[in-house]
Amino acid sequence: MPDTTPPITQDVKTIPRALPKGPTNLVGLTRAAMREVLIAHSTPEKQAKMRVGQIWQWIYQWGVRDFSEMTNLAKAYRADLAEQFVIEIPEVVTRQVSTDGTRKYLVRIAGGHEVEVVYIPDGKRGTLCISSQVGCTLTCSFCHTGTQKLVRNLTAAEIIGQVMVARDDLGEWPEVGAPKDETRLLSNIVLMGMGEPLYNFENVRDAMKIAMDPEGIQLSRRRITLSTSGVVPEIARTAQEIGCLLAISFHATTDEVRDKLVPINKRWNIETLLDVLRTYPKVSNSERITFEYVMLKGINDSDEDARRLVQLIKGIPAKINLIPFNEWPGAPYERSSGNRIHAFADIVNNAGYPSPIRTPRGEDIMAACGQLKSATERARKSKRQIEAESGTGG
Ligand code: SAH
Ligand code: SF4
């Protein structure tokens, strides 16, 4: 196969973190940052920590968006807050529900950009798949997001805002004053939507800290999984500063093939990636690393690949998620056959690694892995095409 992989165009930390200008949004700020902005806006320093605690609970525990409802604050203070701050989350543009219960939201963020968020109910668990960037600078050749130009990093507010949008839609904010409830429709978060989360580290970290805060959304760190294509220098930081579970988009067992599928491999190859995973501080049997492996017909799905995979990951407590390739228009690959996937899974399984085959969810609404945003883009494209064909233009 000739190497047609485009070069990596963007490097770590080169995308500015600047927030759009306007009234300060309290959503997405860490507790320390919220304290600072309250003090800067005339909250007495001595009271600031307590005020943060109160406002934090209103926003993240009870889901309140209106300062006037924050009844444990003095009326005049509530009015002050309303003048200086906003509590803003992304706006839902469309909401689609699949026949299998999967929900897909298209949300609009500042600048008119749109991002997709997917909610996947599965028995007692409900997983929300959130995005960290608009598009992605990486160009994995099997991923539809990778064919779209990066527009920008999401802010921490836009990242945690996706969780808040879903809780709104699921009607999951408890009544004010109600005891903490352990049953959750939204019980897990995966950072597996659009974008490479480790190229937007600080914002992802701040948002996930909010999701884990015991005075708010209260998700355990074990219920959050961050998926990365392998940004090696940021992996140890993920353990230290976020502490969530880690998934690696592995997808190939030789550098030759991985260079083509996941071009970041040219920067940090399989050996470098596995070395950092072997020392991932949280690795233990109860907190395995998930290896994601997309099954591409004739590319990475042979018995030999399966055997090489188990050799490579020896010594790393791991689970291998086999993802049948989700096709998109113009994709240069095909999905491996069911028999092939099962044969691959058996080899990995017999070597002692759980190797579940991921059932595509929400296919009827294009909500499956790697398909995000594509439906919207396509709808636009076809509208343009129709206009071009009918000569209306514009
Ligand atoms: N950028 C991060 C997280 C988002 S992608 C990463 O790459 O890990 C989430 C998962 O979906 C990744 O494992 C990705 O490789 C996989 N994926 C992308 N396109 C896919 C497709 N068309 N079919 C199946 N899985 C796909
Ligand atoms: Fe980006 Fe992940 Fe898609 Fe690769 S698989 S292009 S890193 S979103």
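Just above sits the structure.
This structure is a prediction, so every number in the text was calculated from the model and none was measured.

## Section: the site of ligand 2
Taken together, the residues surrounding ligand 2 are Cys136, Leu138, Cys140, Cys143, Gly146, Gly195 and Ser229. Each residue belonging to the shell around ligand 2 can be placed in one class, and the counts come to 4 nonpolar, 3 polar and no charged.

## Considering the pattern of salt bridges
Evaluated as defined, the whole model comprises 23 salt bridges. Note that Asp169 and Arg103 form a salt bridge whose closest N and O atoms lie 2.8 Å from each other. With Asp169 in helix 4 (residues 156-170) and Arg103 in strand 4 (residues 103-109), this pair connects stretches of sequence that are 66 residues apart. Here Arg358 ties to Glu292 by a salt bridge, and the two come within 3.7 Å at their closest N and O atoms. Of the two residues, Arg358 is situated in the loop between helix 10 (338-350) and helix 11 (374-390) and Glu292 in strand 12 (residues 289-295); the sequence distance between them amounts to 66 residues. One salt-bridge network, held together by shared partners, links Glu202, Arg205, Asp206, Glu234, Arg237 and Glu241.

## Looking at the site of ligand 1
Near ligand 1 lie 20 residues; those nearest to it are Gly195, Ser227, Ser249, His251 and Asn326. With respect to ligand 1, the side chain of His251 contributes an N or O atom lying 2.6 Å from an oxygen atom. In the environment of ligand 1, a nitrogen atom lies 3.0 Å from a nitrogen or oxygen atom belonging to the backbone of Asn326. For ligand 1, whose accessible area on its own is 530 Å², the fraction buried by protein is 96%. Mapped onto the shell around ligand 1, the elements with two or more residues apiece are strand 10 (224-228) and strand 12. Looking at the shell around ligand 1 residue by residue, the class counts come to 9 nonpolar, 9 polar and 2 charged.

## Side note on helix 8 (residues 270-278)
Among all positions of helix 8, only Ile270, Leu273, Leu274, Val276 and Leu277 are buried. Summarising the axial view, the buried residues of helix 8 lie within an arc of 160 degrees, below the 170-degree limit, and thus occupy one face. As for helix 8, its buried residues are in contact with helix 6 (232-242), strand 11 (245-249), helix 7 (255-261), strand 12 and helix 9 (303-312).

## Points about the nonpolar core
Residues Ile55, Phe142, Ile160, Met208, Leu277, Phe291 and Ile320 are the most contacted members of the largest nonpolar core, which totals 105 residues. For this core, the element with the most residues is helix 4, which contributes 9 residues. Residues lining this core come from more than one domain, with at least three contributed by each of domain 1 (28-86) and domain 2 (91-379). Not counting residues within four places of it along the chain, the set of residues in contact with Ile55 comprises Leu26, Met34, Leu38, Met70, Leu73, Tyr77 and Leu81. In terms of nonpolar packing, the next biggest core, distinct from the first, is built from 5 residues, Val118, Cys129, Ile365 and Ala367 among them.

## Brief notes about the packing of helix 5 (residues 201-212) against helix 6
Running from amino to carboxyl end, helix 5 crosses helix 6 at an angle of 25 degrees, the nearest separation of the two axes being 11 Å. In this view, helix 5 runs roughly parallel relative to helix 6, as classed from their interaxial angle. As for the relative orientation of helix 5 and helix 6, their crossing is right-handed in sense. Each of Phe201, Glu202, Val204, Arg205, Met208, Lys209 and Met212 in helix 5 lies in contact with helix 6, whose residues at this interface are Glu234, Arg237, Thr238, Glu241 and Ile242.

## Focus on the sheet that holds strand 10
Strand order in this open sheet of 9 strands is 3-4-5-6-9-10-11-12-13, and the pairing throughout is mixed. A single partner strand is all that each edge strand has here, and the edge strands are strand 3 (91-97) and strand 13 (318-324). Put simply, the sheet's adjacent strands are angled 20 degrees from each other on average, direction ignored. As judged from the 6 bridges shared by strand 3 and strand 4, these two strands associate in the antiparallel manner. By the bridge assignment, Thr94 is partnered in strand 4 with Leu106. Contacts between helix 10 and the sheet are confined to strand 12 and strand 13, with strand 13 contributing the most and set at about 175 degrees to the helix.

## Let's talk about the packing of aromatic side chains
Counting across every chain of the model gives 4 aromatic pairs. On the basis of an interplanar angle of 85 degrees and a centroid distance of 5.3 Å, the ring pair of Phe250 and Phe291 is categorised as edge-to-face. With Phe250 in the loop between strand 11 and helix 7 and Phe291 in strand 12, this residue pair connects regions lying 41 residues apart in the sequence. Both residues of the pair, Phe250 and Phe291, belong to the buried class. The cationic tip of Arg167 hangs over the ring face of Trp173; the distance from NZ or CZ to the ring centre is 4.7 Å.

## So, the pairing of strand 9 (residues 188-191)
Neither face of strand 9 is left uncovered, since the one carrying Asn188 and Val190 and the one carrying Ile189 and Leu191 both have all their residues buried. Looking at chain direction, strand 6 (residues 125-129) and strand 9 are connected through 3 bridges and run parallel. Across the sheet, residue Thr127 finds its bridge partner in strand 9, namely Asn188. Where strand 9 meets strand 10, 3 bridges bridge the pair, whose relative direction is parallel. Within the sheet, the bridge partner assigned to Val190 lies in strand 10 and is Thr225. Assessed by its sense of winding, the connection that carries the chain from strand 9 through helix 5 to strand 10 is right-handed.

The rules we used
Residues numbered from 1 in each chain as written. Chains lettered and ligands numbered in written order. Predicted model: local features only at pLDDT ≥ 70, side-chain atom pairs only at ≥ 80, totals over all residues. Heavy atoms only, no water. Near = heavy atom within 4 Å. Nonpolar A, V, L, I, M, F, W, Y, C, P; charged D, E, K, R; others polar. Salt bridge = Lys/Arg side-chain N within 4 Å of Asp/Glu carboxyl O. Helix = DSSP H or I, 4+ residues; strand = E, 2+ residues; numbered from the N terminus. Polar contact = N/O pair within 3.5 Å; in protein donor to acceptor, adjacent residues only side chain to side chain. Areas by Shrake-Rupley, 256 points an atom, 1.4 Å probe, with all protein chains shown as cover. Buried < 20%, exposed > 50% of the residue type's maximum accessible area, 1.4 Å probe, protein only. Arc of directions from axis to C-beta. Contact = heavy atoms within 4.5 Å. Core = buried A, V, L, I, M, F, W, Y, C linked by side-chain atoms within 4.5 Å. Domains from an automatic or database assignment. Axes fitted to C-alpha atoms, helices over the stretch in contact; angles between N-to-C directions. Parallel < 35°, antiparallel > 145°, perpendicular 65-115°, else oblique. Left-handed = near helix turned anticlockwise from the far one by under 90°. Pairing = 2+ DSSP bridges. Phe/Tyr/Trp six-rings, centres within 6.5 Å; stacked < 30°, edge-to-face > 60°. Lys NZ or Arg CZ within 6 Å of the ring centre and 35° of its normal. Right-handed = clockwise from strand over helix to strand, strands pointing away.

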